[in-house]
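If you want the building blocks of each chain, they are given just below.
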Amino acid sequence: MTDEHWYEDETGPMVRPYTVTGGRTRPSDRHVIDLMSRVTVLDTGDGRPGVDHAAAALLDLARRGPRPVVELAADADLPLTVVRVLLGDLAEAGLLSIEEPYRPPDGAPAADPDLLREIVERLRDL
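Every value quoted in this text rests on a predicted model; they were computed, and no experiment measured them.

**Section: the packing of helix α3 (residues 69-76) against helix α4 (residues 80-92)**
Here comes step 1: Here α3 crosses α4 at 115 degrees, and the two axes come no closer than 9 Å. Comparing the axis directions of α3 and α4 gives the class roughly perpendicular. The hand of the α3/α4 crossing is right-handed. Taken together, the residues of α4 that come into contact with α3 (itself represented by Val69, Leu72 and Ala73) are Leu80, Val83, Arg84 and Leu87.
Here comes step 2: Residue classes in the contact of α3 with α4 are distributed as six nonpolar, no polar and one charged.

Right under this line is the structure:
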C-alpha cells in the first residue's frame, strides 16, 4: 500500500470500520463479492476520481493488476467486510469490475485429489 495505513502498530485502528463504510456491512446486492472474486480496474481515464480516501487507496491497490478480493484486503490492511463494501461502491461507480471465481459445473470434481494431497504434504513439510 502507500505510506498511509489505517492501522498503527501501537494504537490499533485509527478509524473505525463502520466509519469508512458509512455504517454499511454489506455491498449492494448487484455484486457477488467472494473472497476469490477477481477485481480489475476499468480504464476510465479519470486518474483518481472523486472518491473518498479509503476507496481511492483501495483503487490504487487494484490498479496493480487483476487480483482476488482477499489479496486486496490483506494489502489494504482493512477488514474484509470493509473492503467488500468499498469494492461494491467502486463497481457501482463503474471504476472496476468484479468477476465471480470459477466454479466447476455441477457434478464435476472441484479439484484433482492427487494435487490436493501433494499440497497438504508440502504444507506439512513447512
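From this point, the discussion proceeds with the structure in view.
**Quick notes on the nonpolar core**
Here comes step 1: Within the largest apolar cluster, 22 residues are counted, with the highest numbers of intra-cluster contacts made by Val39, Leu58, Leu87 and Leu96.
Here comes step 2: Of all the secondary structure elements, the ones that give two or more residues to this core are α2 (53-62), α3, α4 and β5 (96-99).

**Thoughts on the pattern of salt bridges**
Here comes step 1: Counted according to the given criterion, the structure contains five salt bridges.
Here comes step 2: A salt bridge links Glu71 to Arg67; the shortest N-O distance between them is 3.5 Å.
Here comes step 3: Here Asp75 makes a salt bridge to Arg67, at a shortest N to O gap of 2.0 Å.
Here comes step 4: Its relative accessible area of 30% is what places Asp75 among the partly exposed residues.
Here comes step 5: Exposure remark for Arg67: the relative accessible area of 10% places this residue in the buried category.
Here comes step 6: Within the structure, one salt-bridge network assembled from shared partners comprises Arg67, Glu71 and Asp75.

Reading guide: rules and limits
- Residues numbered from 1 in each chain as written.
- Predicted model: local features only at pLDDT ≥ 70, side-chain atom pairs only at ≥ 80, totals over all residues.
- Heavy atoms only, no water.
- Axes fitted to C-alpha atoms, helices over the stretch in contact; angles between N-to-C directions.
- Helix = DSSP H or I, 4+ residues; strand = E, 2+ residues; numbered from the N terminus.
- Parallel < 35°, antiparallel > 145°, perpendicular 65-115°, else oblique.
- Left-handed = near helix turned anticlockwise from the far one by under 90°.
- Contact = heavy atoms within 4.5 Å.
- Nonpolar A, V, L, I, M, F, W, Y, C, P; charged D, E, K, R; others polar.
- Core = buried A, V, L, I, M, F, W, Y, C linked by side-chain atoms within 4.5 Å.
- Buried < 20%, exposed > 50% of the residue type's maximum accessible area, 1.4 Å probe, protein only.
- Salt bridge = Lys/Arg side-chain N within 4 Å of Asp/Glu carboxyl O.

Structural measurements only, silent on function.
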